[in-house]
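Summary of the model geometry
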Amino acid sequence: MLHVLYLAGVAAFAASGVLAAYRANMDPFGGLVLAFAASISGGTMRDLILDRRPLYWTHDWVLLTVIICVGVGTIVYLRFWSLPRKSLLVVDAVGLSVVTVIGARAAIAAGATPLAVIILAVLTGVAGEVIRDVLCGEFPPLLLREDVYAIAALAGAGCLLLLHHLGARPTPAAAISAGVVFALRMGAVYLGLHLPRPQHLRPRPGRRPDAD
C-alpha cells in the first residue's frame, strides 16, 4: 500500500515537471527531463546522505515506467487541452505531501535521530521542486517564494514521527501525515497565507527595494 502511495506521489511530481516545462515554453523533451528531475531528485539526495546503495530508482522499473507514462500522458494532454491556472500548485502539493512522508519513513527505517528524520523528510519533499524551478529559470524557486511550503513538509514529517512513536500503523500514519501536508499547502494557496515578514524588508511604494 505504501509503495502505491509513493508511486502516486512520484506521478504527481512527474506531472508537475511537465506542467512547469509547459509554462516555461519548453519542448516535449524538456518536459520529460523536468518530469524525471522533479520525481527522483529528492529521493536521490536522501539516499546519498543515508549512504543507501543502490539508489532506489535504479532497480525499480515500475517507478521509472510510471514517470515516463505520466510525463508522456501529460504532454499529450497539454497538446489538446489546457489546465486550470492553479493546476501546477495542486499537483505539486500532492507530490510534496506523499514524498515528504516517504522520506520520513526512509529516515526512520535507517535509524536516524528525530531531528535528522525531519530534515531528510523536508529535503526529500522539496529538492525536486527546487531543481525543477531552477531548470525552468524560476528565480527564486517556489520554496523561497512561498512561506507555507517547507513549513507544510516540516509539519507532516513531525506528524509522522509523532504517530510512529505512538505506535500507529504505518499506512494510516502515512495517510494522515500526507493529509496534513496537503491541507496546509493548499490552505495557504487558496487563502493567501504567508508567514509574517519583517516590515523593514518590504519596499515602500514607489521606491526601489535598495533605496535608502
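Residues numbered from 1 in each chain as written. Predicted model: local features only at pLDDT ≥ 70, side-chain atom pairs only at ≥ 80, totals over all residues. Heavy atoms only, no water.

1. Section: the nonpolar core
- If you look at the biggest cluster of nonpolar residues, it comprises 29 residues, and the most contacted ones within it are Tyr6, Leu63, Ile67 and Leu96.
- With nine residues, the single largest contributor to this core is helix H1 (residues 2-23). (Core = buried A, V, L, I, M, F, W, Y, C linked by side-chain atoms within 4.5 Å. Buried < 20%, exposed > 50% of the residue type's maximum accessible area, 1.4 Å probe, protein only. Helix = DSSP H or I, 4+ residues; strand = E, 2+ residues; numbered from the N terminus.)

2. Comments concerning the confidence of the model for the protein chain
- When pLDDT is averaged along the protein chain, the result is 85; 87% of the residues meet or exceed 70.
- The spread of mean pLDDT over the elements of the protein chain runs between helix H6 (residues 142-145), the lowest at 66, and helix H7 (residues 150-165), the highest at 93. (pLDDT = per-residue confidence, 0-100.)

3. Observations regarding the pattern of salt bridges
- Per the counting criterion, the structure on display carries five salt bridges.
- With its nearest N and O atoms 2.9 Å apart, the salt bridge here joins Asp92 to Arg132. Remark: Arg132 occurs in helix H5 (residues 114-135) and Asp92 occurs in helix H4 (residues 87-109); sequence separation between them is 40 residues.
- On the basis of relative accessibility, which here comes to 1%, the residue Asp92 falls in the buried class.
- The partner of Arg132 in a salt bridge is Asp133, with the nearest N and O atoms 3.1 Å apart.
- One network of salt bridges, in which partners are shared, links Arg46, Asp47 and Arg52. (Salt bridge = Lys/Arg side-chain N within 4 Å of Asp/Glu carboxyl O.)

4. Notes on the packing of helix H2 (residues 28-49) against H5
- Packing of H2 against H5 leaves a shortest axis separation of 7 Å and a crossing angle of 145°. When the axes of H2 and H5 are compared, the crossing they make is right-handed. Together, Leu34, Ala37, Ala38, Ser41, Gly42, Gly43, Met45, Arg46 and Ile49 of H2 and Leu120, Leu123, Thr124, Ala127, Gly128, Ile131, Arg132 and Leu135 of H5 make up the contact between the two elements.
- Taken together, the residues that form the contact of H2 with H5 break down as 10 nonpolar, five polar and two charged. (Axes fitted to C-alpha atoms, helices over the stretch in contact; angles between N-to-C directions. Left-handed = near helix turned anticlockwise from the far one by under 90°. Contact = heavy atoms within 4.5 Å. Nonpolar A, V, L, I, M, F, W, Y, C, P; charged D, E, K, R; others polar.)

5. Regarding H2
- Compared with the 32 Å implied by 1.5 Å per residue over 22 residues, the 32 Å span of H2 between its first and last C-alpha is a close match.
- At Ile40, H2 is deflected by roughly 40°, the largest bend along its length.
- Note on H2: the residue one or two positions beyond its end, Asp51, has a positive phi of about 60°. (Expected span 1.5 Å × (residues − 1). Bend = angle between axes of the 7 residues up to and from the residue.)

6. Thoughts on the layout of surface pockets
- Here the second largest pocket defines a volume of roughly 290 Å³.
- As for the second largest pocket, its lining consists of 14 residues, and the residues nearest its centre are Tyr6, Arg46, Arg52, Ile102 and Ala106.
- For the lining of the second largest pocket, the elements supplying multiple residues, two or more each, are H1, H2 and H4.
- Residues belonging to the lining of the second largest pocket are distributed by class as follows: seven nonpolar, two polar and five charged. (1 Å grid on protein atoms, 1.4 Å probe; cavity = no way out; pocket = protein on both sides within 12 Å on 5 of 7 lines; lining within 4 Å. Points joined across faces, edges and corners; volume = space filled by probe spheres on them.)

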